[in-house]
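Observations on the model geometry
This is what each chain is made of:
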Amino acid sequence: TQLLEQSPQFLSIQEGENLTVYCNSSSVFSSLQWYRQEPGEGPVLLVTVVTGGEVKKLKRLTFQFGDARKDSSLHITAAQPGDTGLYLCAGAPGYSTLTFGKGTMLLVSP
Amino acid sequence: ETGVTQSPTHLIKTRGQQVTLRCSSQSGHNTVSWYQQALGQGPQFIFQYYREEENGRGNFPPRFSGLQFPNYSSELNVNALELDDSALYLCASSPGLREGDTQYFGPGTRLTVL
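1. Here's the deal with the pairing of strand S4 (residues 31-37) of chain B
Residues and elements named next belong to chain B. Of all the 7 residues making up S4, 7 are buried; the element is thus mostly covered by neighbouring parts of the structure. On S4, burial covers both faces: Thr31, Ser33, Tyr35 and Gln37 on one face and Val32, Trp34 and Gln36 on the other are all buried. Inspection of the sheet shows S4 paired to strand S5 (residues 44-50) by 6 bridges, in the antiparallel sense. Bridging from a neighbouring strand, Ser33 pairs with Gln48 of S5.

Next comes the structure, spelled out in structure tokens:
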């Protein structure tokens, strides 16, 4: 079983701060995805990273895939209250289903 | 708005009962996957259906079963409910079976087993 460990589990910050959340595994993934889930909703895909060392930017969010394709990070610059939510990483273990980490719950206060 | 809908939104059952949850996929999406998300956890893969056939299954007992219909709707059935089955049940549709195909999640059904 391929496991994804996310850290931290919970993060509470003030508006304007920067933060980084991590997603680590001992296994190689062909791709990793990051989702954000708000209360009462299903996860919404933010980005997919495929190539080792890849960096993708989505406005204030920067995603990186490790060179060995075992880990990934999400960096948010100048966090806003609208960024509040559960951030999930998910790996595709070589077929079309997803293995999820437990998530990082982010709370951004005004 | 992903175009994936689920019903009901919330459901309360008692131990030992049976439940059917429903999902309506995006039109044209031949693959539907079901996930269980316990409180404070990430979603766990239950099973996947492609063109009305089961295509893969996670570590869930046989009392979790499913159906997929030609009209892009699907069902998750759970028999002999246990307290630990209390969770958010998510369905996700995708166009096919290509690795890395985007999965579009519905809002989920919150099941409480008393």
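The rest of the description comes next.
2. A word on the pattern of salt bridges
If you walk through the whole model with that rule in mind, you get 7 salt bridges over all chains. A salt bridge links Glu54 of chain A to Lys56 of chain A; the nearest nitrogen and oxygen atoms lie 3.7 Å apart. Across the pair Arg63 of chain B and Asp85 of chain B runs a salt bridge, and its minimum N-O distance is 2.8 Å. Remark: Asp85 of chain B occurs in the loop between strand S8 (73-78) and strand S9 (87-94) and Arg63 of chain B occurs in the loop between strand S6 (53-57) and strand S7 (64-68); sequence separation between them is 22 residues. Across the pair, exposure class does not vary: Arg63 of chain B and Asp85 of chain B are buried alike.

3. Points about unusual backbone geometry
It is generally the case that most residues other than glycine have a negative phi and that most peptide bonds are trans. Along the chain, Ser7 of chain A connects to Pro8 of chain A via a cis peptide bond; the corresponding omega equals -10°. Mapped onto the secondary structure, Pro8 of chain A falls in the loop between strand S1 (5-7) and strand S2 (10-14). The amide bond that connects Ser7 of chain B to the next residue, Pro8 of chain B, takes the cis arrangement and shows omega of -10°. Inspection of the secondary structure assignment puts Pro8 of chain B in the loop between strand S1 (5-7) and strand S2 (10-13). Of note, the phi angle at Arg69 of chain A is positive, near 60°, even though the residue is not glycine. Along the polypeptide, Arg69 of chain A turns up in the loop between strand S7 (61-65) and strand S8 (71-76). A relative accessible area of 30% means that Arg69 of chain A is categorised as partly exposed. A positive phi is found at Ala78 of chain A, a non-glycine position, where the angle reads about 50°. Within the secondary structure layout, Ala78 of chain A lies in the loop between S8 and strand S9 (85-91).

4. Focus: the interface of chain A and chain B
With 20 residues of chain A at the interface, the matching set in chain B holds 21 residues. Between chain A and chain B, the buried area comes to about 1,500 Å², and carbon and sulfur atoms account for 53% of it. Here chain A is connected to chain B by 0 salt bridges. There are 2 residue pairs in polar contact (both at pLDDT 80 or more) connecting chain A and chain B. Sorting the residues of the side of chain A that touches chain B by element identifies strand S4 (32-37) and S9 of chain A as the ones contributing at least two each.

5. Considerations on the environment of Leu3 of chain A
Residues and elements named next belong to chain A. Secondary-structure assignment places Leu3 in the segment before S1. Taking C-alpha positions, Leu3 is 9.8 Å from Lys102, a pair spaced 99 residues apart along the chain. Among residues more than four places away in sequence, those in contact with Leu3 are Asn24 and Ser25.

Rules behind the numbers
Every chain's residues receive numbers from 1 upward, in the order its sequence appears when written. Just so you know, chain letters begin at A and ligand numbers begin at 1, following the order they were written in. For this predicted model, a pLDDT threshold of at least 70 governs which residues receive local features, and a threshold of 80 or more governs which side-chain atom pairs are given and counted, while totals over whole chains, interfaces and linings are taken from all residues. Based on all heavy atoms of the structure, the side-chain values leave hydrogens and waters out of the count. The rule is simple: take the accessible area with a 1.4 Å probe, protein chains only, and divide by the maximum for that residue type; under 20% is buried, over 50% is exposed, in between is partly exposed. The way it works is that DSSP assigns letters per residue, a run of H or I at least four long becomes a helix, a run of E at least two long becomes a strand, and they are numbered from the N terminus. A pair of strands is considered paired only if DSSP assigns at least 2 bridges between the two. We count a salt bridge whenever a side-chain nitrogen from Lys or Arg sits within 4 Å of a carboxyl oxygen from Asp or Glu. Contact criterion: two residues are considered in contact whenever any of their non-hydrogen atoms come within 4.5 Å of each other. Using a 1.4 Å probe, buried area is obtained as the accessible area two parts lose upon being combined, added over both of them. Each polar contact in these results corresponds to two N or O atoms within 3.5 Å; when the atoms are within protein, one needs to be able to donate a hydrogen and the other to accept it, and residues that are neighboring in sequence are counted only if both atoms are side-chain atoms.

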